[in-house]
Amino acid sequence: MTVLSPANVTDAFVSLRGVGKTYASPRGPVAALVDIDLDIKRQEFVSVVGPSGCGKSTLLKLVAGLESISCGRALIAGQPLDGPPDRLGVVFQRDVLLDWRSILDNVLLSIDFRRTPNKQERGRARDLLQRFGLSGFEHRYPWELSGGMRQRASICRALLADPELLLMDEPFGALDAMTRDDLNVELAQIWQDTRKTLLFITHSIVEAVFLSDRVVMMGKAPGRIVETIAIDLPRPRRLAIRDSAEFAAYVHRIRHHFAELGIVKE
Ligand code: ADP
């Protein structure tokens, strides 16, 4: 067991200090992340927004313990990150549902790897599916569902084990605009009800502002954090909040900052 010393005790649930990631590639080393300092408090919703290739997915994979850091220090709940943390849920852009398993069995997959799910676990999976509007689809197969429904099922799967930390990598990036809006509202609500610590990766400034307590902006590669903005908008958040002057001001501020960096045009 790792003994906590003052040096590795932190208030943050996720704490990155001076973290860098360099990949080896046939064309030489690729610096994907440089000098990342990031703290995420317990029950905080933090989004990372930035252009393609700036290192957003790499950041998520490091926190998920799927890639190792090249330098710096990464702690989860005060413990050095060494492989996937306990009680972790991950949702990717592609839903990665298994086509030969029913939706219910897909949601139960992580338990099924180890043993037969018990009655309570099956009940919890059904409750989650109901919560995400998928009642009646438990015994359908992924290929019978729309993209939005598949992604809802993926979120149910990630939530089944009641994870403390939920990581989402562009989960709504492949969906049409209206489905994406619906899922934004559903995620905001479920986050408010369950208060997971959430790291959310997106290309969309509007989505990041709508969902988050804080938005972390990353610049062009090699990936660095260029700014972190606290989003002080009331909750619960409904889509109408996007019409408010306060919301527009946050979006403008982030877009303006990206424009100054030559990442977007104003
Ligand atoms: P983003 O998610 O912001 O699009 P990524 O984290 O996927 O960015 O990638 C950041 C940089 O690291 C890119 O230059 C990408 O080509 C490179 N990269 C990502 N994964 C690997 C890998 N496994 N091997 C080599 N280079 C990689």
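For the structure, see preceding data.
Residues numbered from 1 in each chain as written. Predicted model: local features only at pLDDT ≥ 70, side-chain atom pairs only at ≥ 80, totals over all residues. Heavy atoms only, no water.

*Asks:* Would you take a moment to explain the overall build of the protein chain for this structure?
*Replies:* A tally of helices and strands in the protein chain yields eight helices and 10 strands. If one aligns the C-alpha atoms of the protein chain with their principal axes, the spans along those axes are about 50 × 50 × 40 Å. A separation threshold of at least 6 residues defines the contact pool for the protein chain, and within that pool the share at least 24 residues apart is 68%. Carbon together with sulfur atoms contributes 52% to the accessible area of the protein chain, which is approximately 13000 Å² in total. Distance between charge centroids for the protein chain: 2 Å, based on 35 positive and 33 negative side chains. (Helix = DSSP H or I, 4+ residues; strand = E, 2+ residues; numbered from the N terminus. Contact = heavy atoms within 4.5 Å. Areas by Shrake-Rupley, 256 points an atom, 1.4 Å probe, with all protein chains shown as cover. Lys, Arg positive; Asp, Glu negative; His and termini not counted. Charge placed at Lys NZ, Arg CZ, Asp CG, Glu CD.)

*Asks:* Can you help me understand the nonpolar core in this one?
*Replies:* Looking at soluble globular proteins, one finds that nonpolar side chains tend to be buried together. With 49 residues, the main nonpolar core has Ile155, Met168, Leu187, Leu198, Phe200, Val209 and Ile254 as its most contacted residues. Per-element tally for this core: the top contributor is helix H5 (residues 147–159), with six residues. The contacts of Phe200, once residues within four sequence positions are left out, are Phe45, Val46, Ser47, Val48, Met168, Pro171, Phe172, Leu187, Glu207 and Leu211. If you look at the next biggest cluster of nonpolar residues, it comprises 24 residues, including Leu33, Val48, Leu62 and Ile201. (Core = buried A, V, L, I, M, F, W, Y, C linked by side-chain atoms within 4.5 Å. Buried < 20%, exposed > 50% of the residue type's maximum accessible area, 1.4 Å probe, protein only.)

*Asks:* Explain unusual backbone geometry to me, please; I cannot follow it from the model alone.
*Replies:* Negative phi is the rule for most residues except glycine; trans is the rule for most peptide bonds. Here the bond from Arg235 into Pro236 is cis, since omega is 0°, no more than 30 degrees from zero. Mapped onto the elements, Pro236 comes out in the loop between strand S10 (225–230) and helix H8 (245–260). In this model, Val96 sits at a positive phi of 45°, which is unusual for a non-glycine residue. Inspection of the secondary structure puts Val96 in the loop between strand S6 (88–91) and helix H2 (103–107).

*Asks:* In this structure, what is going on with the site of the ligand? I would like to understand it.
*Replies:* Close contacts around the ligand come from Tyr23, Val30, Ala32, Pro51, Ser52, Gly53, Cys54, Gly55, Lys56, Ser57 and Thr58, and that covers them all. At 2.7 Å from an oxygen atom of the ligand is found a main-chain nitrogen or oxygen belonging to Gly53. Between an oxygen atom of the ligand and a main-chain N or O atom of Cys54, the distance comes to 3.1 Å. Listed by contribution, the elements that provide at least two residues to the shell around the ligand are strand S2 (30–40) and helix H1 (56–63). Here the shell around the ligand gets three residues from one element, more than from any other, and that element is H1. In the shell around the ligand, the residues fall into five nonpolar, five polar and one charged. (Near = heavy atom within 4 Å. Polar contact = N/O pair within 3.5 Å; in protein donor to acceptor, adjacent residues only side chain to side chain. Nonpolar A, V, L, I, M, F, W, Y, C, P; charged D, E, K, R; others polar.)

*Asks:* Explain the packing of aromatic side chains here, please?
*Replies:* By convention here, two paired aromatic rings are described through the distance between centres and the angle between planes. Here the structure, examined in full by the defined rule, presents four aromatic pairs. Ring centres of Phe45 and Trp191 lie 5.8 Å apart, and the angle between their planes is 70°; this geometry places the pair in the edge-to-face category. Of this pair, Phe45 sits in strand S3 (residues 45–49) while Trp191 sits in helix H6 (residues 177–194), and the two are 146 residues apart along the sequence. Per residue, the accessibility class of Phe45 equals that of Trp191, and both read buried. When the centroid spacing of 5.9 Å and the interplanar angle of 15° are considered together, the rings of Tyr141 and Trp143 count as stacked. On the accessibility criterion, Trp143 (57% relative accessible area) is exposed. A network of ring pairs unites the aromatic residues Phe45, Phe172, Trp191 and Phe200 as a single cluster. (Phe/Tyr/Trp six-rings, centres within 6.5 Å; stacked < 30°, edge-to-face > 60°.)

*Asks:* Would you explain the sheet that holds strand S9 (residues 214–218) in this entry?
*Replies:* The six strands lie next to each other as S6-S7-S8-S3-S9-S10, forming an open sheet whose pairing is mixed. Because the sheet does not close on itself, it has two edges, and the strands there are S6 and S10. Averaged over neighbouring strand pairs, the angle between their axes works out to 15° when direction is ignored. Both S3 and strand S8 (residues 197–202) contribute to a ladder of five bridges, which runs parallel. Looking at S8, one finds that Ser47 is bridged to Phe200. Along the sheet, H1 makes contact with S3, S6, strand S7 (165–169), S8 and S9, crossing S7 at roughly 155°. This element, H8, spans S3, S9 and S10 of the sheet and lies at about 170° to S10. (Pairing = 2+ DSSP bridges. Axes fitted to C-alpha atoms, helices over the stretch in contact; angles between N-to-C directions.)

*Asks:* Explain the pattern of salt bridges here, please?
*Replies:* Opposite charge on two side chains lets them pair, provided their charged atoms get close. Counting across every chain of the model gives 15 salt bridges. Ionic pairing is found between Glu164 and Arg87, a salt bridge with its closest N-O pair at 4.0 Å. You can see Glu164 sitting in the loop between H5 and S7 and its partner Arg87 sitting in the loop between strand S5 (79–80) and S6, a full 77 residues away along the chain. Take Glu164: its relative accessible area is 28%, and that puts it in the partly exposed class. (Salt bridge = Lys/Arg side-chain N within 4 Å of Asp/Glu carboxyl O.)

*Asks:* Got a minute to help me understand the side chain of Thr202 in this structure?
*Replies:* Locating Thr202 in the fold gives a position in strand S8. Among the residues examined, Thr202 registers a relative accessible area of 0% and is labelled buried. In this structure the side chain of Thr202 is engaged in a polar contact, spanning 2.8 Å, whose partner is the backbone nitrogen of Ser204.

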